[in-house]
Each structure stands twice: as structure tokens, then as C-alpha cells.
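Here is how the chains run, residue by residue.
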Amino acid sequence: MRRVTDGVVLALALSALAAPRAVVAQIDYRNLDDDRPTRVEDAYPVERFAFEFLVPYAFERERSGTAIHASILELAYGLLPNAHVGFKAPLAATRQAGMTDWGLSGLKAFALYNFNTEGALLPALSLRADAVVPVGSLGGDETQLAVKALATRSWGRARLHLNGAVRLTPDAAAAVVEALERWWAGAALDRTFFRQSVLLVGEVTMGRAIAAAALEVNGGLGLRWQWRPTTVFDVGIARRLKRNVGPDYALTLGISSAFAIAALMPNDLGR
Amino acid sequence: MSRSFLILAALVALGGVHASPAEGQDRRNEQFYYPGSFNWAFLNSYPEAARLFNAFDYGHAVLYERLYTVPDSARAAEALEQEYRFLTTDLLVRPPRFAVAEEVIEPSYAKLAWQAKLMFDWAHVLHRQIYDAYADERLSPAQSDSLIERLTDHYLTRRDVAFPAVPKSMALMDEQYYSQVFRRAYPTFNGLIWAYHWLQVGLYEPLIAGRTPSEKKAGIQAAVARFWDMLKDPPASMPQVMPMTATVAPLFTERHRRAAAIYDNLHMMHDIISDILAADTVPRAQKRQVIYAALAEFRDTTRNVMTFDDWMMMGHHMGGVEAMGGPVLGLLPGSKPPDPHGGHRPRPDTALTRAPPPLSPEHRP
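This is a predicted model, so every value here is computed, not measured.

Student: Would you mind going over the overall build of chain A in detail, with residue names and values included?
Tutor: In terms of regular secondary structure, chain A is built from 1 helix and 13 strands. Order of helices (α) and strands (β) in chain A, N terminus to C terminus: α-β-β-β-β-β-β-β-β-β-β-β-β-β. Burial statistics for chain A: of 271 residues in total, 54% are counted as buried. Once local pairs closer than 6 in sequence are excluded, the contacts in chain A between residues at least 24 apart make up 56%.

Structure, rendered in C-alpha cells:
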């Protein structure tokens, strides 16, 4: 066990936030990624050949008094048409009763496949698979697998997103952050402000961490803002909606940047 | 819970897999643009023009949305008049910093014809990247031209969404059973779209002709001012025929014939879709099918194509550059100002802040 102050962890997270410099990206403030800033995400993948690099910071205070700091570095790549793959490397620190544990909270790999764009009848529909490997001092005990179904439907400037996920592996000691819950489901409603390149989003989620756990119901609000042509800034807040279960409050902020590598594109122009 | 959820997920997945384009479902099929440090150079150096294009995107999108969702022609005319006012007195005057999310503006149209939206988006990316290639002062003219050819190669790798690099016949736009309905019913909005297209291809000229960044800047400001001039007395002051790239942007066409042909095909397709959406002769239930047939025709490089020589002459047959909005070069004070209308031409530095003219009522057939 290592002891560090929350301030050091926060400084590390903030320095990580400042680290990425956008290379080339697209205008993607409407691409609602999971946890950026809401847990519910949209049903659309990263564009083919695009990399999306996310550097967030999150803080959560539990009713028990436990505080969790996390920076969940994420890289996603549009590997195939209408599909992306990616991984997350969550760095976390928990502080409880004056003691702080910190370390890697597992490694997560994921893949999302989108079946269709939204049409006159069907919403956009996708499936996603997640695997968490127990790596690091806060990474849990077992490899965990989960699948998630996603749907997105729009009405002009508003969109509704539905997510539902279930873990396929048995309950086990879980990672501190980015753990795969027994099941969870959520709905998010967003609204686009196209002149300001801003997306406002609100969500309600519910789920159980393990089969025997109490049902957790949380609400969240967030904003995504196109800061530069290449960079999106997001910020969000969440809180439990049941009296005894869930975070007193959770805050997140992050920066995402999309880019591509010429050598990976067809008819490479870097010749 | 788990079993029910998995069954639901499987049903959802199967529903998505089995949905075919014929049933109204398209694949998303978005692709990232070609990377390079030249990207966004135009926005950084010439924001007054680059941001206008964001407003242009709104104009295209809202046009299709209104034509599709307001089938009653009287109500459509009213809706388009309101949008014209909004565009010319607000959005074009204070355009967005970044591209407009067109799905937000045209949600029904995007669901109807996603493939068309994809094709337009991919061509607009080429448009934007070629501005960037010219605007990047680190590149020599030869390097810019080389990059533009390679960008065109890259654009054409997506055969499913690329307009061909050979000029398609104008008959596809002007001689179909739905042709010219939109321009006759809504000449002012049509003139605005043609003014957009004049500026979109015309801006290449000062970027090529300008010997210094300040010359390029002045030329671009003059072109933007000329664009505003076109809105002074609509539709008479607007282009009377579709601006042809070879005619409006001869310097660009001389260097990049393929890209110029792509733009004319793109702009023809813009007009064709307007016609299909506006035409009563295309039943509402058939709009998607007719649009997709037109898209397929445009992707076909073997049928209904013109020779480049014939294409270069088209502008002359259509009335020349004067009928298309006038030449882009020669607008600066002290240079030879071609003036098809003989009217006052605003100074470049004041044009963007001047209030646009009041709207004339749309002429109904």
C-alpha cells in the first residue's frame, strides 16, 4: 500500500489533462462517449480510421465517506466500418479514514458495433462488449465480461439514448473504478446548441453491482463543448437518487481529441 | 434479468442486421478525413470565409428539411422565406465557429436519405481540405497542388460515396421529369444556393492568384463582399444559372480538373435533390428511391458523362461567368472590376458588417 495525498493524485490527473495536444480531429461534441460526461453513450461508433484519445479526471464521494479520484485514459479506434475497438487504463486513488490507496484499476478492452444509422422507423442500434482484466493494485480479482445494447433516436435538436448492460461472468471482487456491474440500464436525453457547438445531456441510470447489492439509482447532468476544431471539453456531475445507495456526488471533466494516422488509411498519402 | 436482457439484445441486433437500405435503413459508414498539419489552416487564416461555409451548410440542410417535411407548397414557401430571412440577417452575418451538425437541422431528411448526406459530407471534406492546402503558407504552390491531387485520390478511394472525377451530363439535372421545379418555385432561395456555390468554388481563385498572405486575404474579402452583393436585390442580383467551376474558377480548374468536375457533380446533385423534394411529380413515398437512383447514376463513371473539352465549354453555352455571379478575381479596388450589373460594389472591409437587404417575396409559379 502506498500513501499519497489527494493533492498529489489530483496534480497528476490535471497534468495528464494538459498533456495531449490535438493533432487533427473532427468536430465531435455530439459524440457521446461513455462517462464523457454521462454514463449513457450514444449508439454511434468512432469514425473509421479515427483515433479518439480521452483524458478525464473524475472524483466521487460515497455516502460512507470514501473518496475516489480517477483518471481513466482511453483510446478508441475505428477499426472497421461502423465498428470501433478501444481500451481504458484507469488510474485510481481511494481515500478512506485518512488512508489512500492508489494504482491501476484493471485494464478494460471494448468493442462496439453499430448495425444501422437512424432511419424513419428504427433508432440507431449497437452492441458493445467489454472485458476487464484484473491488472493493478485496484484491479479486482477476476477477468470480467459484459455486453451492452445501445439505441439512439433523435427528434430535431434532441436525442434519446438507451443503454442496457449485463455482466456475463460471476460476481467477484471488483475493480475500484470501471468495474463491470451485474447489470445496469440508463436513459439519457441530450440537446444540441449548434451555433455554440455545445451539447447538454441529462441521464438516469440504475443497476446492481452484484446480485445481492441494493439497487442503485443515479442521476447526472453534463455538457460537451467543441473547444477547438480538434478538441472537445466535457464536464459532468452525478448524484444518487436513492437515499442510501450511490455517490453523494460525482464530478468529472475531460478532454477528448480525435486524430488519424496516414499510414493506416487507404491509398496512403504519406507515400 | 440477464436472460431477458440477452434475448432483447439479440432481437435488437437481428433487427439491425436484417434492416436493408430498401427498407429505409442505412449503414452509418462515416470515415475520418485524411490527416495532416495542413488541416484547419483555412479556418485559422480566413475565419471570415470559413465560418460562412458553416452557415452555408445550415442553408443546404434546412432547405431539404423544409422541402421534405412541408409538402404543401404554400406553407413550404412561407417556411423557406422565414429561413431565408434567418440566414441572410442572422446566421450568415454571425456564422458558427465550427461546422453545423446537419442531422440537427435536417433530421427527417437525414433519416430519409442518409446516403446522400454521406456523399455531400465527403465532398465537403474535400472542399475544406483543399482550402486548407492552399491556406497553409508553409506549402509552396507546387506542394499545395501536389497535396490537392493526393487528397483527390484519397477522396476517390471511397467509391460508395464519392462523386466521380469526370463531368456528368447536365441533362441529369435539367432534363428529368422533376427537373427545375425548385428553381422555378423558389428563385430567391435557389439563387442563395447558387451564390453559395459561386463562393465555394470561387474562393480558390484568390488563394491561387494571391502572391502574399495579404493579397490572398484581400482577394478573399473581396469575394465575400461580392457574395453579399449578390443578396442585395434577389433574385435578380443572384446567379442566373448554376455556377460552373471551370467558368468561375478557371485557375483552379486548370490545375485540378478532377476536383473541379467533382464539385460540379456535387452542385448538380444539390439541385437535383432540391428538385426531387420539391416536385409534386415525385410522390412522397418515392422520394428516397428517386434520390438514391440519382445518386447511383452520379457514382457511375461510365454513363452520361461529358468529355472534359465539352465540359469546359458548358459555361460559355450557359451564358458565361456573368450569368453565374461574375468573376472572382478583379474585385479589388484598383483592379479591373468586372461588373455585370453595373451596381455599387462594397469595400471588402465593410461588407461583412453591413446589414443584408430585406427579403423579396418568393415568386410562386
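Still to come is the rest of the account.
Student: Just give me the short version of the interface of chain B and chain A, but keep the residues and values in it.
Tutor: Contacts between the two partners involve 49 residues from chain B and, on the opposite side, 59 residues from chain A. In total, chain B and chain A occlude about 4,600 Å² of area from one another, counting both sides; carbon and sulfur atoms represent 63% of this. Where chain B packs against chain A, one counts 2 salt bridges. A:Arg195 is the partner of B:Asp90 in a salt bridge, and the nearest nitrogen-oxygen pair spans 2.9 Å.

Student: With reference to specific residues and values, describe the pattern of salt bridges.
Tutor: Summed over the entire model, instances satisfying the criterion amount to 40 salt bridges over all chains. A:Glu118 is the salt-bridge partner of A:Arg153, the closest N and O atoms lying 3.5 Å from each other. Remark: A:Glu118 occurs in the loop between β5 (107-116) and β6 (124-133) and A:Arg153 occurs in strand β7 (residues 144-155); sequence separation between them is 35 residues. A relative accessible area of 5% places A:Glu118 in the buried class. The shortest N-O distance in the salt bridge between B:Asp300 and B:Arg303 comes to 3.5 Å. Taken together, the shared-partner salt bridges connect A:Asp34, A:Asp35, A:Glu41, A:Glu74, A:Lys88, A:Lys108, A:Arg128, A:Asp130, A:Lys148 and A:Glu178 into one network.

Student: Summarise the pairing of strand β4 (residues 99-104) of chain A; cite the residues concerned and give the values.
Tutor: All names here are of chain A. The sheet contact formed by strand β3 (residues 83-96) and β4 spans 6 bridges and is antiparallel. When the bridges of β4 are listed, Leu91 appears paired with Leu104. Here β3 folds back onto β4 in antiparallel fashion, the turn holding 2 residues, of which Ala97 has a positive phi close to 50°.

Student: Tell me about the pairing of strand β12 (residues 231-240) of chain A, and please be specific about residues and values.
Tutor: All names here are of chain A. Strand direction decides the pairing type here: strand β11 (residues 216-228) and β12, joined by 10 bridges, are antiparallel. Among the inter-strand pairings, Gly219 is bridged to a residue of β12, identified as Arg239. Two elements, β12 and strand β13 (residues 247-259), share 8 bridges in a ladder whose sense is antiparallel. Bridging from a neighbouring strand, Val235 pairs with Leu253 of β13. Counted between consecutive antiparallel strands, the loop separating β12 from β13 contains 6 residues, among which Gly246 sits at a positive phi close to 105°.

Student: Explain the nonpolar core residue by residue, including any values.
Tutor: By size, the foremost hydrophobic cluster in this structure holds 147 residues, and its most contacted members are B:Phe42, B:Leu92, B:Phe227 and B:Ile291. With residues up to four places along the chain from it excluded, the contact list for B:Phe227 reads B:Leu52, B:Phe56, B:Leu92, B:Leu192, B:Ala195, B:Tyr196, B:Trp198 and B:Leu199. Judged by nonpolar contacts, the second largest core, of 6 residues, contains A:Ile68, A:Ile72, A:Ala92 and A:Leu138.

Student: Give me the lowdown on the environment of A:Gly136, citing residues and values where you can.
Tutor: With respect to the helices and strands, the residue A:Gly136 is situated in the loop between β6 and β7. In sequence terms A:Gly136 and A:Gly103 are 33 residues apart; their C-alpha atoms lie 6.1 Å from each other.

What counts, and at which threshold
Residues numbered from 1 in each chain as written. Chains lettered and ligands numbered in written order. Predicted model: local features only at pLDDT ≥ 70, side-chain atom pairs only at ≥ 80, totals over all residues. Heavy atoms only, no water. Helix = DSSP H or I, 4+ residues; strand = E, 2+ residues; numbered from the N terminus. Buried < 20%, exposed > 50% of the residue type's maximum accessible area, 1.4 Å probe, protein only. Contact = heavy atoms within 4.5 Å. Buried area = accessible area lost by both parts, 1.4 Å probe. Salt bridge = Lys/Arg side-chain N within 4 Å of Asp/Glu carboxyl O. Pairing = 2+ DSSP bridges. Core = buried A, V, L, I, M, F, W, Y, C linked by side-chain atoms within 4.5 Å.

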